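Understanding the architecture of this molecule
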Amino acid sequence: MSALYLLTAEFALWQTAKRYATDNSIDFKSLQPAGISENGYTLFCAAKDLYLGTNYLTISDLADTQLIPPRMFALICNAMAIRRFGLSAIHFEQRSDKE
């Protein structure tokens, strides 16, 4: 789910990747993203790292705001939380006015 979360975060990336997400798996071996932005490629690498345990992105990469803007960093952090704790990690219930 964490990889799917990242692959769907950018429209062009998802248009390329969706045909490789089948039967509860993602065929990263066959998925060769083309025509996507730098941000899309970064999201692809993060998804691949979380799914396959590869090391395309480093801690230094994540700390570099020129390489990974804050919004994308937040997406990657959410994906890591999903990987660790499941979808409930990002599920926020609506607060009532009585709180």
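For the structure, check the block above.
Residues numbered from 1 in each chain as written. Predicted model: local features only at pLDDT ≥ 70, side-chain atom pairs only at ≥ 80, totals over all residues. Heavy atoms only, no water.

Take the overall build of the protein chain next. The secondary structure content of the protein chain amounts to 5 helices and 2 strands. Sequence-ordered secondary structure for the protein chain, helices as α and strands as β, is α-α-β-β-α-α-α. Across the 99 residues of the protein chain, 31% fall into the buried class. A sequence separation of at least 24 residues applies to 48% of the contacts in the protein chain between residues at least 6 apart. Carbon together with sulfur atoms contributes 52% to the accessible area of the protein chain, which is approximately 6,900 Å² in total. With 9 positive and 10 negative side-chain charges, the protein chain shows a separation of 5 Å between the mean positions of the two kinds. (Helix = DSSP H or I, 4+ residues; strand = E, 2+ residues; numbered from the N terminus. Buried < 20%, exposed > 50% of the residue type's maximum accessible area, 1.4 Å probe, protein only. Contact = heavy atoms within 4.5 Å. Areas by Shrake-Rupley, 256 points an atom, 1.4 Å probe, with all protein chains shown as cover. Lys, Arg positive; Asp, Glu negative; His and termini not counted. Charge placed at Lys NZ, Arg CZ, Asp CG, Glu CD.)

Before going further, it helps to spend a moment on the environment of L57. With respect to the helices, strands and loops of the structure, L57 is situated in the loop between α3 (38-52) and α4 (59-63). Distance in space between the C-alpha atoms of L57 and C45 is 6.8 Å, their sequence separation being 12 residues. Aside from chain neighbours lying at most four places away, what touches L57 is T42, C45, A46, D49 and I76.

Here we come to helix α5 (residues 70-85). If you check α5, its first and last C-alpha atoms are 22 Å apart, about what 16 residues at 1.5 Å a residue would give, namely 22 Å. If you check which residues of α5 are buried, you get M72, L75, I76, A79 and I82. Viewed end-on, α5 has its buried residues packed into an arc of 115°, placing them on one side of the element. Pointing more than 90 degrees away from the buried face of α5 are the exposed residues P70, R84 and F85. (Expected span 1.5 Å × (residues − 1). Arc of directions from axis to C-beta.)

Let us now look at the state of the cysteines. Scanning all chains against the criterion turns up 0 disulfides. A disulfide-free cysteine, C77 has its sulfur positioned 17 Å from the sulfur of C45, the nearest such atom. Of the residues examined, C77 reaches a relative accessible area of 28% and is grouped as partly exposed. (Disulfide = S-S within 2.5 Å.)

Among the secondary structure elements, D49 is positioned in helix α3. Within the buried set, D49 has no salt-bridge partner at all; the shortest N-O distance to an opposite charge, 7.8 Å, is to K48. Engagement of the side chain of D49 in a polar contact is seen with the side chain of T54, the distance being 2.6 Å. In contact with D49, other than residues within four places in its own chain, are T54, N55, Y56 and L57. (Salt bridge = Lys/Arg side-chain N within 4 Å of Asp/Glu carboxyl O. Polar contact = N/O pair within 3.5 Å; in protein donor to acceptor, adjacent residues only side chain to side chain.)

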